[in-house]
Every structure is written in structure tokens, then in C-alpha cells.
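If you want the building blocks of each chain, they are given just below.
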Amino acid sequence: PGRGMGKGQTPARSASVGNMHGVPAVPGLVEFDLHAFERDFELIDMVAREAARQVGATCNERGELLDHIRGKYHEFCSAMAAAMARLQQASNRNAVELNDARKELNARQREIQRLSVEGARTRVEATEQRERSDELAEALAALQARSAALSRRLSEDGNLLAAEAAHLEDRLRQVEGERE
């Protein structure tokens with residue numbers, strides 16, 4: 001976990017995708033802070049290297065074992081950081097796409113309202129406008145379905161990011177336990 005974090009907290013809950021690319025915040029979405037993770041990891045790695053060096057000075061086998069554990073931990077954290085970065089990029093793309101869909105949805109809703117007002121002026125115009133309104137309603141329903149699907153994908157990405165962060169914390173505690 002990041003410095004100053006308590007048990008059960010995950011890194012980088014401070015920023016949401018809503019702050020990026022002009023996209024409104026999506027409730028529950030967590031953004032992984034790769035730079036903070038890398039800083040914390042480098043500090044832990046430096047301490048582990050020094051501990052292995054010092055232990056190795058009195059017992060070479062124990063020092064080598066500690067360094068081997070540190071190396072495995074390094075591989076694991078590097079893989080996790082790469083996976084988290086890929087997931088975050090996908091989540092960011094989905095958030096931008098959701099924002100675009102919402103804009104389109106709002107534009108279509110305004111168009112439907114405008115057409116409804118104009119359609120009331122004459123019977124002939126009303127018939128033509130109803131047909132157009134029906135087409136827009138179908139497009140709106142499709143966009144709403146798309147928006148709902150994207151919202152679900154964003155929520156799943158957020159849940160996956162949170163689960164990956166929790167798994168990373170558990171693995172860190174496990175490696176720290178092995179080190180002791």
C-alpha cells in the first residue's frame with residue numbers, strides 16, 4: 001500500500017477517471033496511480049536489497065534466499081503494475097466512450113423535445129414529426145442500452161481494479177510474512 005495507508009486500503013483512490021479527458025466522474029470508479037505504486041515499490045525493493053545484503057554478510061544462504069524472494073516479489077509487482085496500467089487504459093477509453101454516448105443521448109433527447117413541440121402545430125406536420133420522433137426514440141433506446149452497457153463495463157473495470165489492488169496488498173503482506 002501507499003505510504004500512510006491503513007489496512008484494507010488500496011493505492012490511488014484519490015483520483016477518478018472523471019478528472020481526465022473532461023469526462024464526468026463515474027461513481028465507484030477507482031484510478032490506479034502507477035507512479036505512486038512504482039515509488040513505493042522502489043522503496044520496498046531498496047530496503048529488501050539492503051536487508052538481503054546485511055543478512056548475507058552473516059549467513060550467505062539466508063542472504064541469497066532473501067534476495068531470491070525480493071526478485072520474485074519484483075517480478076510479481078512488475079506484472080501487476082503492467083496489468084493494472086492496461087486495465088486503467090481500457091477503463092479510461094470506456095469512460096471517454098461513455099461520455100460521448102451521453103452527449104449524443106442528450107442531443108437526441110433535445111431533438112425529440114423540439115420535434116414534439118413543432119409536431120403539435122399542424123396535423124400533417126405532427127404526422128411527419130411523429131415518424132421522425134419514433135426513429136429518434138429507437139436511436140435513443142439503442143444509445144441508452146449502449147450507455148447502460150458501458151456503465152456496466154466501467155463498473156466492472158472499477159471492481160476489477162479494486163480487486164487487483166486488494167490482491168496486490170494481500171500478496172505484499174504474504175511476501176512480507178515470508179521475508180520475516
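It should be emphasised that the depicted structure is a prediction, and the values quoted were computed from it without experimental measurement.

About the thresholds
Residues numbered from 1 in each chain as written. Predicted model: local features only at pLDDT ≥ 70, side-chain atom pairs only at ≥ 80, totals over all residues. Heavy atoms only, no water. Helix = DSSP H or I, 4+ residues; strand = E, 2+ residues; numbered from the N terminus. Buried < 20%, exposed > 50% of the residue type's maximum accessible area, 1.4 Å probe, protein only. Contact = heavy atoms within 4.5 Å. Areas by Shrake-Rupley, 256 points an atom, 1.4 Å probe, with all protein chains shown as cover. 1 Å grid on protein atoms, 1.4 Å probe; cavity = no way out; pocket = protein on both sides within 12 Å on 5 of 7 lines; lining within 4 Å. Points joined across faces, edges and corners; volume = space filled by probe spheres on them. Nonpolar A, V, L, I, M, F, W, Y, C, P; charged D, E, K, R; others polar. Salt bridge = Lys/Arg side-chain N within 4 Å of Asp/Glu carboxyl O. Core = buried A, V, L, I, M, F, W, Y, C linked by side-chain atoms within 4.5 Å. pLDDT = per-residue confidence, 0-100.

Examining the overall build of the chain
- Looking only at helices and strands, one finds three helices and zero strands in the chain.
- Helices and strands appear in the chain in the N-to-C order α-α-α.
- Each of the 180 residues in the chain was classed as buried or not, and the buried ones make up 33%.
- A fraction of 71% describes how many contacts in the chain between residues 6 or more apart in sequence connect residues 24 or more apart.
- Summing over all exposed atoms, the chain offers an accessible surface of approximately 11,200 Å²; the carbon and sulfur share of this is 51%.

Details of empty space enclosed by the protein
- Scanning all chains against the criterion turns up three cavities of 30 Å³ or more.
- In this model, the second largest cavity occupies a volume close to 50 Å³.
- Ala48, Leu66, Ile69, Arg70, Tyr73, Val175 and Arg179 are the residues that line the second largest cavity.
- Looking at the lining of the second largest cavity, the elements with two or more residues in it are helix H2 (60-119) and helix H3 (123-179).
- With four residues, the single largest contributor to the lining of the second largest cavity is H2.
- Partitioning the lining of the second largest cavity into residue classes produces five nonpolar, no polar and two charged.

Points about the pattern of salt bridges
- All told, the structure shown has nine salt bridges when counted by the stated rule.
- Across the pair Arg146 and Glu97 runs a salt bridge, and its minimum N-O distance is 3.5 Å. Taken together, the residues Arg146 in helix H3 and Glu97 in helix H2 connect sequence positions 49 residues apart.
- A relative accessible area of 38% places Arg146 in the partly exposed class.
- Where Arg132 meets Glu135, a salt bridge forms, and the shortest distance between an N and an O atom there is 3.6 Å. Placement of the pair is Arg132 and Glu135 together in helix H3, with a separation of three residues, close to one helical turn.

Quick word on the nonpolar core
- In this structure, Phe37, Phe41, Ile69, Tyr73, Phe76, Cys77, Met80, Ala81, Leu168, Leu172 and Val175 together form the largest nonpolar core, which totals 11 residues.
- Mapped by element, the contributors of at least two residues to this core are helix H1 (34-58), H2 and H3.
- Counting residues per element, this core draws most heavily on H2, at six residues.
- If you look at the next biggest cluster of nonpolar residues, it comprises six residues, including Ile112, Leu115, Leu140 and Leu143.

Concerning the confidence of the model for the chain
- In the predicted model, the chain carries a mean pLDDT of 79, and the fraction of residues at 70 or more is 77%.
- Low pLDDT (under 50) marks residues 1-24, which in the prediction has 51 contacts with non-local residues, meaning those over four places away or in another chain.

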